[in-house]
Amino acid sequence: MGIEVSLEGKEIVYKRPKALTDAVTHYCPGCGHGTAHRLIAEIVDELGIQGTTVGVAPVGCSVFAYNYFDLDMQQAAHGRACAVATALKRLMPDKYVFTYQGDGDLAGIGGNETLHACNRGENITIVFINNAIYGMTGGQMAPTTLIGQKTTTSPYGRTTNEGNPIRMCELITTLPGVRYVERVAVNTAPRVRKAKAALLKAFKNQQENKGTSFIEIVSNCPSNWKMTPLASNKWIDDAMIPYFPLGVFKDQ
Amino acid sequence: MAKGLGAVVVDIPRCKGCSLCVAACPTKTLALSRNINQKGFNYAEMAEDTCTGCGICSTMCPDAVLTVYRAKKPKAE
Ligand SMILES: Cc1ncc(C[n+]2csc(CCOP(=O)(O)OP(=O)(O)O)c2C)c(N)n1
Ligand code: SF4
């Protein structure tokens, strides 16, 4: 049993954000999807935009994001979140519109929609969860799977025969329509704070209508990486970040 | 830091026992319980009265199960 501690004379310094529903997520223990959801919800609370934000959920582990965010949400066909967000934002320019997508969704099947939405400079916020794998479907190779990384469809490790892992931030940065690009991670507390600051900026950018904001969150998939949550967070340091460097790629 | 400046309240049914908070806590206040919740997870709990209310645990929690408390600052005269 844990210890009993009195709360008298103490005040709340952190509590669950209002923009999350009461639902318990189906995410695996320690999965970064939960952390990313929490950060978006905290930002929505802080900006006071719960009633004016519309999210677009992808296909992937985060397909049920609409059950977890207490926001207006739209589910898109696999990879099409940026196209759906384009329509939402153009029809309702006063709303904050964001997509939330995994690497299979955003960089794989939806690569085309993503690039063209960015090239058009749609005034939306794209939140890209890069966990280097297809989580939902059982750990197949993704466009961002690292060379040598074992997945169910690259059991001996990915080779360049399947192409090199795509660095989406670097690719997106070249498009003039894009205003802000940053890659962050959620495997340590200081990085989580940085990730939140980046997301906050990416949401605020929509107030100025100056192009697309793209935030890549390097995240973990303990289940399909076949690691404990702690080991998966360490693997982000050891393997992911050397190939996917963190930082701001563009800020105009 | 003096003892008992802070406290963490765990929303037990929601906790998945990932232990990210336990590892992140700089004062080793948290541990996974020997008991399990409704979902069968060994949930996080305060094991020591050493919490400073820094909130690093809640920064790492993917499931937003932690409410963090800190001693109120004495009002300036
Ligand atoms: C048109 C179509 N093709 C394929 C699938 C199967 N499918 C579901 S999720 C997914 C990939 C998900 O991976 P990712 O986007 O990386 O998200 P994660 O689950 O890792 O969060 C695939 C290929 C589908 N649902 N629809
Ligand atoms: S399969 Fe991977 S990405 Fe999906 S919820 Fe589990 S840990 Fe997260």
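Just so you know, these numbers come straight off a predicted model, no measurement behind them.

(A) A look at the nonpolar core. Residues and elements named next belong to chain A. The biggest cluster of nonpolar side chains holds 35 residues, and the ones touching the most others in it are I40, F69, F98, L199, I215 and I217. Within the residue set of this core, elements represented by two or more residues are α1 (32-47), β4 (96-102), β5 (125-130), β6 (178-185), α7 (189-204) and β7 (212-218). Among the elements that make up this core, the one with the highest residue count is α7 (seven residues). Residues in contact with F69, not counting those within four places in the same chain, are A19, L20, T21, H37, I40, A41 and F98. Within the second largest apolar cluster, 22 residues are counted, among which are A81, L88, A117 and V178.

(B) Structural context of the packing of aromatic side chains. Residues and elements named next belong to chain A. This model, assessed by the stated rule, comprises eight aromatic pairs over all chains. Ring geometry for Y27 versus Y68: centroids 5.6 Å apart, planes at 65 degrees, classification edge-to-face. In this pair, Y27 is assigned in the loop between β1 (10-14) and α1 and Y68 in helix α2 (residues 65-68), connecting sequence segments 41 residues apart. Of the two residues, Y27 and Y68, both sit in the buried class. Ring plane angle 90 degrees and centroid distance 6.2 Å describe the contact between F64 and Y66, whose orientation is recorded as edge-to-face. Its relative accessible area of 33% is what places Y66 among the partly exposed residues. Linked through ring pairs, F69, F98, Y100 and F203 together constitute an aromatic cluster. Above the face of the Y243 ring, R167 is positioned so that its terminal group lies 3.7 Å from the ring centre. Taking NZ or CZ as reference, K201 lies 5.2 Å from the ring centre of Y180, over its face.

(C) Quick peek at the side chain of R183(A). All names here are of chain A. Counting through the fold element by element, R183 comes out in strand β6. R183 gets classed as buried once you look at its relative accessible area, which sits at 1%. Looking at R183, its side chain comes within polar contact range of the side chain of E216, at 2.9 Å. When sequence neighbours within four positions are dropped, the list of residues in contact with R183 reads R167, M168, C169, E170, E216, V218, F244, P245, L246, G247 and F249.

(D) Structural view of the pairing of strand β3 (residues 42-46) of chain B. All names here are of chain B. Burial within β3 is extensive, with four of its five residues counted as buried. Across four bridges, the pairing between strand β2 (residues 30-36) and β3 is antiparallel. Paired with I36 across the strands is N42, a residue of β3. As consecutive antiparallel partners, β2 and β3 are separated by five residues, and within that stretch G40 has a phi angle of approximately 90 degrees, a positive value.

Reading the values: the criteria
- Residues numbered from 1 in each chain as written.
- Chains lettered and ligands numbered in written order.
- Predicted model: local features only at pLDDT ≥ 70, side-chain atom pairs only at ≥ 80, totals over all residues.
- Heavy atoms only, no water.
- Core = buried A, V, L, I, M, F, W, Y, C linked by side-chain atoms within 4.5 Å.
- Buried < 20%, exposed > 50% of the residue type's maximum accessible area, 1.4 Å probe, protein only.
- Helix = DSSP H or I, 4+ residues; strand = E, 2+ residues; numbered from the N terminus.
- Contact = heavy atoms within 4.5 Å.
- Phe/Tyr/Trp six-rings, centres within 6.5 Å; stacked < 30°, edge-to-face > 60°.
- Lys NZ or Arg CZ within 6 Å of the ring centre and 35° of its normal.
- Polar contact = N/O pair within 3.5 Å; in protein donor to acceptor, adjacent residues only side chain to side chain.
- Pairing = 2+ DSSP bridges.

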